[in-house]
Structures are given as C-alpha cells and as structure tokens.
Amino acid sequence: MNDSFGRDITYLRLSITERCTLRCAYCRASEGVCPKQEELSAHELIRIVRVMAGMGVSKVRLTGGEPMLRKDLDEIVGGIAQLEGISELVMTTNAQHLAGRAHRLRELGLSRLNISLDSLNEERYHSLTGGGELKRVLSGIDEALGAGLTPLKLNVVLIRGVNDDEIDAFLSLAKDRPLDVRFIELMPIGNRFKANARIPTDEILAAHPNLKPLPPREKGQPAREYAAEGFLGRVGFISPLSHKFCADCNRVRVMSDGMLRPCLGSNAEVSLKEALGEKDDAALEAAIKGAIRCKPKEHDMCGPFVSQKNMSKIGG
Ligand code: SAM
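All of these numbers come straight from a predicted model, not from anything done at the bench. (Residues numbered from 1 in each chain as written. Predicted model: local features only at pLDDT ≥ 70, side-chain atom pairs only at ≥ 80, totals over all residues. Heavy atoms only, no water.)

1. Let's talk about the state of the cysteines
In total, this model carries zero disulfides according to the counting rule given. Here Cys20 stays unpaired: no disulfide links it, and the sulfur of Cys24, its closest cysteine neighbor, is 6.4 Å away. For Cys20, a relative accessible area of 21% gives the class partly exposed. The thiol of Cys24 is not disulfide-bonded; the next cysteine sulfur, from Cys27, is found 6.1 Å away. (Disulfide = S-S within 2.5 Å. Buried < 20%, exposed > 50% of the residue type's maximum accessible area, 1.4 Å probe, protein only.)

Quick look at the structure:
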C-alpha cells in the first residue's frame, strides 16, 4: 500500500514487548513499561501481520523491548512465518538469551537476526547495558551463525567518549568473521541524549578510506553498505540524521500496546486496539490504512524533536 507521498509500505517493525533484559544507558528511561498483561497477544500480533500482508507488507521485524522475553515467542515466530505474503521474518535482539534457541527459531521460520552490541569490552558492555554479559552475546552470535540466521548483522550505536575507541575492533570483527557490522547514529530518543555525543558517519568514513561503497541489497534499506578488501563481512552505516533516508522509507511500526507509529522520528500514533476488538478485519484494515496515509514526509529528528517514548517502547 502506498502512503500519501507514493512510498510503498512493505515493511512492518513489530515491537512485541516493552520489557527488556537490559537498561542501555542511552535507551531506556526510568519510566515504567506497559504491564505484561496489556501487551498484544500472539493471536493479535499475528492477526495484524496477516491483515498487513494482505495490504502488501512482505517483511516483518520482531523487536522490542527484548523480543526474546516473550514466553510465546515460538508461537509468534511460527505464526507469522507461515502467513501468505510474508517472505522475510527477522528479529532484533540483545542476544542475552539467544544461545540454546537459535536453531529452533530458524526451524520455526525466522530468516535472520540483528544483534545489538555496543562494546567488545566485557566491563564496558556490562556497565553500558546495565548488567548485560558479553559472553552470552558472543555465544549467541556463534550459534546464530551455525543455525544459518544469516546475513547476521551487528548493530553498534556509537557514542562519543563512550565506545568510539572501539570502531577498529568492530571493523576487525567484520574482517575476520562473516558478520555485517553496522554503525548507527545516536538518535534523539531515550535517555541522556546529547547531540554532541553523536558520531556522524562521514567522520568514520574519512578515517577509513579502505571502505568502498556497495550498491544497496534491497530497496528502502536504511544502511549504506561498504566493503573492504579481505573482509568477510560488510560494514554498514545507518545515519538517519546526517544522511536522511526518509524518501525511500518503506516501513511503519506497531507497538506492543496496540499503537501504530507511522514514523520513528515523529510522535504521531494511531491506536489499533478498538479495531482489534471487532471480529471482522474491516475496521482493522481501515485503521491501518488511515495511519499509513498519515505517515509524514520526513522525520523531525533534525529539529528540536523530543520523542514521547523511548526506543524500547517504540521498537528500534
Ligand atoms: N532489545 C533488542 C536489542 O537490544 O536489539 C531490540 C530493541 S532495541 C530498542 C533496538 C535497537 O535500538 C538497539 O540496537 C539499540 O541500540 C537501538 N537504540 C536504542 N536507543 C537508540 C537511540 N537513541 N539511538 C539509536 N539507536 C538506539
């Protein structure tokens, strides 16, 4: 389905819980989260995807909060993967609880994973994430590669003065292992944001002339990708502030509280809750269409934008 600027909406980011295992310094505010019992059920989540698949959505990303906290994750993955029209089902996770589950998720129909990892230093990772264990992430990565949840992408949010001394260590990962490392610009969403903590992509590219641009793998992909000679993986940059990609945006977000957010960088949301109470799908379809029509031309994040929700609620 096209939005009012002619962009074809084919990608749904589905936040299946606000709850998270970690408290990343820049992400989760100290505010409370939507109680577990008010989260959309597996049945409701699958129904929303089924209706959106009928409207042209073909790719779904499960996110959160931490999606692996859902006890019914297998049901959600299996249910969505089987829907007609869904050709790609991916998940973003902090991988704290991935080891031991990657093969099962692959069997259920998960196509691949993005893993968030902001430091390769055990102590720093623990402190930045509010208690995360680096070795769990590393085991999760090994298992995900073994299970074929590939291409496996590592998401690194760079913060000046916090982890920018690790850029070369992350690049070494992409050199030595079949892992795509993607550096993400810090967005003005969530905790303790300071604009000068953001590291613009061009600064990293200028310091690494060995990185050569690659053509996009798919339409609407937010990452600009680069290759370097001898690297097994790719290097990507997601730069929503320094290189806006709104003109090619093909996605909307649905959150675990039943709100549809047409644009990450704009606070407007539409509730699907009432429509979900109807047996017939017509009201749900109408609510989704109405929300897609309201998708703004561009995000507001370059201005004095303050997100009313942090990323763990919206689903990064
Ligand atoms: N818990 C899962 C995880 O950690 O991958 C999924 C949810 S998390 C909110 C998704 C992604 O959002 C993570 O890669 C995180 O680093 C990113 N994120 C959170 N706040 C952000 C911010 N202010 N700017 C950029 N990325 C952010």
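Following the structure, the description resumes.
2. Here's the deal with the nonpolar core
In terms of nonpolar packing, the biggest core is built from 97 residues, with Leu14, Leu62, Ile80 and Phe183 touching the most fellow members. The biggest single contributor to this core is helix H1 (residues 42–54), with eight residues. The contacts of Leu62, once residues within four sequence positions are left out, are Leu14, Ile16, Pro67, Leu73, Ile76, Val77, Ile80, Leu89, Val90, Met91 and Thr92. (Core = buried A, V, L, I, M, F, W, Y, C linked by side-chain atoms within 4.5 Å. Helix = DSSP H or I, 4+ residues; strand = E, 2+ residues; numbered from the N terminus. Contact = heavy atoms within 4.5 Å.)

3. As for empty space enclosed by the protein
The final tally for this structure, using the stated rule, is one cavity of 30 Å³ or more. Here the largest cavity is characterised by a volume of approximately 40 Å³. In terms of lining residues, the largest cavity is bounded by Leu158, Phe183, Ile184, Glu185, Ile199, Pro200, Thr201, Ile204, Phe237 and Ile238. Among the secondary structure elements, those contributing two or more residues to the lining of the largest cavity are strand E6 (179–185), helix H7 (201–207) and strand E9 (235–238). At three residues, E6 tops the list of elements feeding residues into the lining of the largest cavity. Of the residues assigned to the lining of the largest cavity, the class counts are eight nonpolar, one polar and one charged. (1 Å grid on protein atoms, 1.4 Å probe; cavity = no way out; pocket = protein on both sides within 12 Å on 5 of 7 lines; lining within 4 Å. Points joined across faces, edges and corners; volume = space filled by probe spheres on them. Nonpolar A, V, L, I, M, F, W, Y, C, P; charged D, E, K, R; others polar.)

4. Here's the deal with the site of the ligand
Of all residues adjacent to the ligand, which total 19 residues, the nearest are Tyr26, Gly65, Ser116, Met187 and Ile189. Within the side chain of Tyr26, a nitrogen or oxygen atom sits 2.6 Å from an oxygen atom of the ligand. Residue Glu66 places a side-chain N or O atom 3.0 Å away from a nitrogen atom belonging to the ligand. Calculation on the ligand without its partners gives an accessible area of 550 Å², and the protein chains cover 95% of this total. Where the shell around the ligand is concerned, the elements lending two or more residues are strand E3 (88–93), strand E5 (152–158) and helix H10 (311–314). Looking at the shell around the ligand residue by residue, the classes come out as seven nonpolar, 10 polar and two charged. (Near = heavy atom within 4 Å. Polar contact = N/O pair within 3.5 Å; in protein donor to acceptor, adjacent residues only side chain to side chain. Areas by Shrake-Rupley, 256 points an atom, 1.4 Å probe, with all protein chains shown as cover.)

5. Focus: the packing of aromatic side chains
Enumeration over the complete set of coordinates arrives at three aromatic pairs. Relative to Phe237, the ring of Phe183 has its centre 5.8 Å away and its plane inclined at 40°; by these criteria the two rings are tilted. In this pair, Phe183 sits in strand E6 while Phe237 sits in strand E9, placing the two residues 54 residues apart along the sequence. On the basis of an interplanar angle of 85° and a centroid distance of 5.5 Å, the ring pair of Tyr226 and Phe237 is categorised as edge-to-face. (Phe/Tyr/Trp six-rings, centres within 6.5 Å; stacked < 30°, edge-to-face > 60°.)

6. Topic: the sheet that holds strand E4 (residues 112–116)
Taken together, the 12 strands give an open sheet; going across it, the order is E7-E8-E9-E6-E5-E4-E3-E2-E1-E10-E11-E12, and neighbouring strands pair in mixed fashion. Pairing within the sheet leaves two strands with one partner each, and these edge strands are strand E7 (212–213) and strand E12 (270–271). Judged from the three bridges that link them, E4 and E5 form a sheet pairing that is parallel. Bridge pairing links Ile115 to Leu154 in E5. Set on the sheet, helix H6 (residues 167–176) makes contact with E5, E6 and E9; between it and E6 the angle comes to about 150°. (Pairing = 2+ DSSP bridges. Axes fitted to C-alpha atoms, helices over the stretch in contact; angles between N-to-C directions.)

7. Some remarks on unusual backbone geometry
What you tend to see is this: most non-glycine residues have negative phi, and most peptide bonds are trans. In the segment running from Thr150 into Pro151, the intervening peptide bond is cis, with an omega of -5°. Structurally, Pro151 is set in the loop between helix H5 (134–147) and E5. The phi dihedral of Ala95 is positive, around 65°, even though this residue is not glycine. Turning to its location among the elements, Ala95 is positioned in the loop between E3 and helix H3 (102–108).

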